[in-house]
Structures are given as structure tokens and as C-alpha cells.
Amino acid sequence: MSEFILDFSEITDADHARVGGKCASLGGMTQAGVKVPPGFAVTTDAYEKMLSHNGLREEIVALLDSLNMDDVADQERVSNAIQIRFRSHPLPAEIKQAIQDSYASMGNDIPVAVRSSATAEDLPDASFAGQQDTYLWVQGADEVVAKVRDCWASLFTARAMAYRDENDLGQIEVLMSVGVQKMVNS
């Protein structure tokens, strides 16, 4: 596909750092022949490019440097400011196109789940369950792109930042991949 996209059928154990725990598991099950709804991972390469595009990383680091982790109101203030910046910075055109093309290859506006897959998920002493966001029944290429950006932004919710702080995992060092997977009826 591209450096920014890996189809679940292409993901191997070696890709864990590029696709996070959730997408690595989906790729592993797909490789093993388990019937997994089709989809793809937006890699951490895309996330890192977004951070380096137009100074977003520097803005986030400055906000994190001002953060008082002992003040819940300050956590919310910084979280909101970071999420606004994620949504206001333009997405690099090649990432947007890669997501749109991969979604289009799945079918004509099929509903998908857009699922966060952080690189720090499912560690031996930290679970991260529910720390980042997932969006269900998303339809349309532009909406998928928007929800990928929302997943990236959810890495900086107050609850996620507090959890990483409590577990000494760092803030800007944790990377995010996003899985886009065909919805199925439960």
C-alpha cells in the first residue's frame, strides 16, 4: 500500500511498532487464517508525519511542559488545547489520500470502525483499555479521515495523559496507529 497504510493481510510481528497492539493482533489473526473483518492500519509513520507537519509536535511539547499533572483542571485545559491543535492543523495531503484510497478499496462507502491502536497498549504492567477512542459505523472517506485524526487526538485526553503519567510511560513518546475495519453485525 504505502508507508502510511498496511492492510491487515500484510501485517507481521515485525510491524508491531508501526501498527500498535490492536492492529498487530488483527494482522496476526489474519495471517493465521482467522476470519477477521477486512481492514487496514494507518501506521505510526502517518502519525509521526502529522506531528512534524507545521510544527504540531512543538506546540504539543510546549503545552505538555506547562502541564501540572497534580491539577485535574489543568489536565483538562492542556488536553483540550492539544485536541484543538490536532483538529486545526492540516493533514498532510499524502496521508489523507492514502487513507481515502485504502477506504475506497474496501468498497463503496461501507461502514467501518475506526479504532485507536497505540504502541504502548497491552504492556505487561499497563493495559490502556479504553484510554483512547474508537468510532463505530463511520461512513465516507472524509469522515474516516476525520475519525483517524480524532483517534490521534484521543491520545491526549486527560485520562490517557494521567494514566501514562501514573505508569511512567511518557507523553509525546507514545505513538498511535489507527485501525480501519469493516463493521459487522454483532
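Anyway, here's the lowdown on the structure attached to this text. Since the model is a prediction, treat every value here as computed from it, not as a measurement.

Our focus in this paragraph is the overall build of the protein. Secondary structure summary: the protein contains seven helices and five strands in total. In the protein, the succession of helices and strands from N to C terminus is β-α-β-α-α-α-α-β-β-α-α-β. Dimensions of the protein, computed from C-alpha atoms along their principal axes, come out at roughly 45 × 35 × 30 Å. Put simply, of all contacts in the protein between residues at least 6 apart along the chain, 74% involve residues at least 24 apart.

This paragraph deals with the packing of helix H4 (residues 72-88) against helix H6 (residues 141-153). One can describe the packing of H4 onto H6 by two numbers: an axis separation of 9 Å at closest approach and a directional angle of 155 degrees. In terms of orientation, H4 lies roughly antiparallel with respect to H6. Once H4 is placed against H6, the crossing between them reads as right-handed. Each of Gln-83, Phe-86, Arg-87 and Ser-88 in H4 lies in contact with H6, whose residues at this interface are Arg-149, Asp-150, Trp-152 and Ala-153. When grouped by side-chain class, the residues that make up the contact of H4 with H6 number three nonpolar, two polar and three charged.

Turning our attention to the pairing of strand S3 (residues 112-118). The element S3 is extensively covered by neighbouring structure, given that six of its seven residues are classed as buried. Taken together, the three bridges between S3 and strand S4 (residues 134-138) define a ladder with antiparallel strand orientation. By the bridge assignment for S4, Val-112 is matched with Val-138. Sheet topology places S3 next to strand S5 (residues 176-182); seven bridges connect them, and they run antiparallel.

Moving on to the side chain of Ser-117. Checked against the element boundaries, Ser-117 lands in strand S3. Overall, the relative accessible area of 0% leaves Ser-117 in the buried class. Polar side-chain contacts of Ser-117 include one of 2.7 Å to the backbone oxygen of Val-19. Residues in contact with Ser-117, not counting those within four places in the same chain, are Val-19, Gly-20, Gly-21, Lys-22, Cys-23, Met-176 and Ser-177.

For the structure on display, the rule yields three aromatic pairs. In this structure an aromatic cluster arises from ring pairing among Tyr-47, Phe-86, Trp-152 and Phe-156. In this arrangement the basic side chain of Lys-147 is found over the ring face of Tyr-135, its NZ or CZ atom lying 4.7 Å from the centre. In this structure, Arg-164 packs its charged tip against the face of Phe-156, placed 5.5 Å from the ring centre.

Turning to the nonpolar core, a few remarks are in order. Among the nonpolar cores identified, the biggest contains 45 residues, and Val-42, Phe-86, Trp-152 and Phe-156 are the most heavily contacted of them. Each residue touching Trp-152, except ones within four places of it in the same chain, is listed here: Val-42, Ala-46, Tyr-47, Met-50, Phe-86, Leu-91, Ile-95, Met-176 and Val-178. In this structure, Leu-6, Cys-23, Ala-24 and Ala-41 belong to the second largest nonpolar core, which totals nine residues.

Cut-offs used in this document
Residues numbered from 1 in each chain as written. Predicted model: local features only at pLDDT ≥ 70, side-chain atom pairs only at ≥ 80, totals over all residues. Heavy atoms only, no water. Helix = DSSP H or I, 4+ residues; strand = E, 2+ residues; numbered from the N terminus. Contact = heavy atoms within 4.5 Å. Axes fitted to C-alpha atoms, helices over the stretch in contact; angles between N-to-C directions. Parallel < 35°, antiparallel > 145°, perpendicular 65-115°, else oblique. Left-handed = near helix turned anticlockwise from the far one by under 90°. Nonpolar A, V, L, I, M, F, W, Y, C, P; charged D, E, K, R; others polar. Buried < 20%, exposed > 50% of the residue type's maximum accessible area, 1.4 Å probe, protein only. Pairing = 2+ DSSP bridges. Polar contact = N/O pair within 3.5 Å; in protein donor to acceptor, adjacent residues only side chain to side chain. Phe/Tyr/Trp six-rings, centres within 6.5 Å; stacked < 30°, edge-to-face > 60°. Lys NZ or Arg CZ within 6 Å of the ring centre and 35° of its normal. Core = buried A, V, L, I, M, F, W, Y, C linked by side-chain atoms within 4.5 Å.

Read these as layout, nothing more, since geometry by itself doesn't imply function.
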